[in-house]
Amino acid sequence: YGSGNSEHYDISLTVYGFSLVMFGPAVTTGVIIVGHLVTYAMRRQNWAWYVHLFNVSSFVILAGLASLIQTGAHQLPGPESATLVLGIAAGIVLFTAGNHAHVAGVLKLSEGVTLRQSGLFTLTSLLIDATMLGAGALCAIVAAINPYAIVLGAAPLYLNYSVLRLPRLERQAKTD
């Protein structure tokens, strides 16, 4: 969680943001399931099966809700491009806040971790996740305009991934 030793960041939120904007909630459900299977296989975390099921379920529900918000905002009066961006931004806020609230609830119930201890609702923690989702959404918008331009988003995404790994690597170096 946010400020603890178990925090980790990967590009999955970016992929989910891209998939949701580009393909919608049905395809994103498949992407979420495959993403969690890959993460499980790569990390070999010894979490119980229901933790993985909770994570997948949470993301699928939030992706569906974010898509509903995006669709609803698109129905608002105003320029289509503005309502599209408003809907995507509102969906990102809902997805991020909902995910953090789900994890905070589980941590409280299972380990007695308070919101403050979890670090899940710090501005930094929320902004990192929202930014990762937003980067994916932005790549989807760019790809819709020019599919070849998606290459321009690859380098910053790699840089983001590398930078987000630094705090964890520093903690590991100190404990080793």
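Shown above is the structure to which this text applies.
What counts, and at which threshold
Residues numbered from 1 in each chain as written. Predicted model: local features only at pLDDT ≥ 70, side-chain atom pairs only at ≥ 80, totals over all residues. Heavy atoms only, no water. Helix = DSSP H or I, 4+ residues; strand = E, 2+ residues; numbered from the N terminus. Buried < 20%, exposed > 50% of the residue type's maximum accessible area, 1.4 Å probe, protein only. Contact = heavy atoms within 4.5 Å. Areas by Shrake-Rupley, 256 points an atom, 1.4 Å probe, with all protein chains shown as cover. Expected span 1.5 Å × (residues − 1). 1 Å grid on protein atoms, 1.4 Å probe; cavity = no way out; pocket = protein on both sides within 12 Å on 5 of 7 lines; lining within 4 Å. Points joined across faces, edges and corners; volume = space filled by probe spheres on them. Nonpolar A, V, L, I, M, F, W, Y, C, P; charged D, E, K, R; others polar. Axes fitted to C-alpha atoms, helices over the stretch in contact; angles between N-to-C directions. Parallel < 35°, antiparallel > 145°, perpendicular 65-115°, else oblique. Left-handed = near helix turned anticlockwise from the far one by under 90°.

Another aspect to go through is the overall build of the chain. Helix and strand content of the chain: 7 helices and 0 strands. Mapped in sequence order, the helices and strands of the chain form the string α-α-α-α-α-α-α. Put simply, the chain has 176 residues, and 34% of those count as buried. Long-range contacts, defined as pairs at least 24 residues apart, comprise 66% of the intrachain contacts of the chain with a sequence gap of at least 6. A total of about 10700 Å² of accessible surface is found on the chain, and carbon and sulfur atoms cover 70% of it.

For Arg-116, the position within the fold is in helix α5 (residues 115–118). Among the residues examined, Arg-116 registers a relative accessible area of 79% and is labelled exposed. Along the chain, Arg-116 and Ala-104 lie 12 residues apart, while their C-alpha atoms are 9.8 Å from each other.

At 3.6 residues per turn, the α-helix brings residues three or four places apart onto the same side. Over its 12 residues, helix α1 (residues 12–23) runs 16 Å from end to end, which matches the ideal 16 Å to within 8%, given 1.5 Å per residue. Ser-12, Leu-13, Thr-14, Tyr-16, Gly-17, Ser-19 and Leu-20 are the residues of α1 that are buried. Of the residues one or two after α1, Gly-24 is the one with positive phi, at around 95°.

Let's shift gears to empty space enclosed by the protein. A complete count under the given rule lists 1 cavity of 30 Å³ or more for this structure. Here the lining of the largest cavity takes 5 residues from helix α4 (residues 80–111), the largest share from any one element. Classifying every residue of the lining of the largest cavity by side-chain character gives 9 nonpolar, 4 polar and no charged.

One can describe the packing of helix α3 (residues 49–74) onto α4 by two numbers: an axis separation of 8 Å at closest approach and a directional angle of 155°. When the interaxial angle is binned, α3 and α4 end up roughly antiparallel. At the point where α3 passes α4, the crossing takes the right-handed sense.

Let us look at the environment of Val-93. By the element assignment, Val-93 lies in helix α4. Separated by 36 residues in sequence, Val-93 and Asp-129 place their C-alpha atoms 9.5 Å apart.

This brings us to the side chain of His-100. Along the polypeptide, His-100 turns up in helix α4. The class for His-100 is buried, based on a relative accessible area of 2%.

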